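Structural characterization, general
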Amino acid sequence: MKESKEHALQIGKHKPKYPIVQGGMGVMVSGPKLAGAVASAGGVGTIASVGLAVASPNFNGRNVASENVVMIKKSIEEARKLAKGGVLAMNCMCALSDYDEMVQTSCESGIDIIVSGAGLPLKLPELTKDYPDVALVPIVSSVKAANIILRKWEKSYNRIPDAFVVETPNTAGGHLGARDEEQAMDCSLSLKTVIPSLVSFLKDLGLNIPIISAGGIWDSQDIKDSMDLGASGVQMGTRFAGTEESDVSYRFKQAYLDAEEKDVVLIKSPAGLPGRAILSPLIKRYFADVLEKATCKTGCLTHCICRMKKETFCIADALMSAYKGDWENGLFFCGSNVAKLKEIGRVREIMEELVTGLGYAYSPL
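As a starting point, this report considers the structure included with it. Since the structure is predicted, the reported quantities are computational estimates derived from the model, not experimental observations.

**Some details on the environment of Leu52**
Position of Leu52 among the secondary structure elements: in the loop between β2 (44–48) and α2 (64–83). Residues Leu52 and Lys74 lie 22 residues apart in sequence; the distance between their C-alpha atoms is 9.8 Å. Leave out the neighbours within four places in its chain, and Leu52 touches Met28, Ile47, Asn68, Met71, Ile72 and Ser75.

**Regarding the sheet that holds strand β7 (residues 174–175)**
Ordered in space as β7-β11-β10, the three strands form an open sheet in which the pairing is antiparallel. The sheet terminates laterally at β7 and β10 (264–268), the two strands that pair on one side only. Bridging between β10 and strand β11 (residues 274–278) involves five bridges; their strand directions are antiparallel. The residue of β11 that forms the bridge with Leu266 is Arg276.

**Thoughts on helix α13 (residues 315–324)**
Burial within α13 is extensive, with eight of its ten residues counted as buried. Buried within α13 we find Ile315, Ala316, Ala318, Leu319, Met320, Ser321, Ala322 and Tyr323. If you follow the buried residues of α13, they end up packed against α2, β7, α10 (250–258) and α11 (281–288).

**Concerning the packing of helix α5 (residues 143–157) against helix α7 (residues 191–204)**
Viewed as axis vectors pointing N to C, α5 and α7 meet at an angle of 35°, and their least axial separation amounts to 10 Å. Here Val143, Ala146, Asn147 and Leu150 of α5 come into contact with α7, specifically with Val194, Ser197, Leu198, Phe201 and Leu202. Residue composition of the contact of α5 with α7, by class: seven nonpolar, two polar and no charged.

**Observations concerning the nonpolar core**
Core analysis: the biggest nonpolar cluster contains 104 residues, and Ile20, Ile114, Phe240, Phe313 and Leu331 have the highest contact counts within it. Excluding residues that lie within four positions of it along the chain, Ile20 makes contacts with Gly43, Val44, Ile223, Val234, Met236, Phe240, Met351, Leu354 and Val355. Residues Leu9, Val21, Ala89 and Val137 belong to the second largest nonpolar core, which totals 15 residues.

**So, the packing of helix α1 (residues 32–40) against α2**
Where α1 meets α2, the closest approach of the two axes is 8 Å, and the angle between their N-to-C directions is 30°. Taken together, α1 and α2 sit at an angle that is classed as roughly parallel. The crossing of α1 and α2 is right-handed. Contacts from Pro32, Lys33, Gly36, Ala39 and Ser40 in α1 reach Ser75, Glu78, Ala79, Leu82 and Ala83 in α2. In the contact of α1 with α2, the residues fall into five nonpolar, three polar and two charged.

Conventions we followed
Residues numbered from 1 in each chain as written. Predicted model: local features only at pLDDT ≥ 70, side-chain atom pairs only at ≥ 80, totals over all residues. Heavy atoms only, no water. Helix = DSSP H or I, 4+ residues; strand = E, 2+ residues; numbered from the N terminus. Contact = heavy atoms within 4.5 Å. Pairing = 2+ DSSP bridges. Buried < 20%, exposed > 50% of the residue type's maximum accessible area, 1.4 Å probe, protein only. Axes fitted to C-alpha atoms, helices over the stretch in contact; angles between N-to-C directions. Nonpolar A, V, L, I, M, F, W, Y, C, P; charged D, E, K, R; others polar. Core = buried A, V, L, I, M, F, W, Y, C linked by side-chain atoms within 4.5 Å. Parallel < 35°, antiparallel > 145°, perpendicular 65-115°, else oblique. Left-handed = near helix turned anticlockwise from the far one by under 90°.

So, to be careful, I would describe these as geometric facts and stop short of saying anything about function.
As structure tokens, then:
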């Protein structure tokens, strides 16, 4: 087998051994254990900043912002010990009310990469200006979104992204980069359409910015397909969420194991964005419009239907319930391919399968 240098992925100054990025999945689905395991296995391990407070012994249900700061620092420190020198990223959602603080705390704590979506991260270079070695990676679903970011960053900060994650709402899990559920399934936002278009767009501008393909990636053939489209790497979430190292409860993982294709649905999140999730009892109540009266407890989102209209449900409560394994009251975000999960594997075994499937010799850090 050959070495993997031919398709090496470089994000700013950071070079993972293999072109595989673990997606950021909020409220401790991708916490420090999972991120550290992926980084030590040769990929980019990603911690999601949203909801890390749930794992703090001092969390009281309301002090999300203050405990998130504490847990970001602790999570990066813990992941570093596990990463064996590997590359670590922090996923920071633009939709969070404490977005600025999450980004700055991550940089102060020594993160390598900031990945940012759930909105356009137009001011990210300003927030990270004192940390030039931190790579900046926006998540987009269209060439239009990438162009808006490029123009703003170049004009205001004389900076361009170190990579783009192109995440298709057609198949991705969690919050999706679309205005509504109909657009989420629009084939014009498929990876087959957007990646070649963005590659061509960047080439015409004379920019060499790596593109990371995300949404529905499961095996080495999916990675090859993305590379053939022009991507330099891939991002995978659902498959890594269903591992021994994933930071959530076993009951959460069991929900993934039990899920069939028919159980994967689109909802309108309290954040006002479409989202893909498992049809849990909470979501059944949501569709039947029989949810108990919603109360916002944390103020975690800049735009929240629960807080503003007292409708839907508290997304913080629902995601924390899922983390703890509360099947009745949890929101279990997932990708469209969750039904492919047949057993709880280990990160290193999955990475070896993917890398050898690409025809490379595998050796973890």
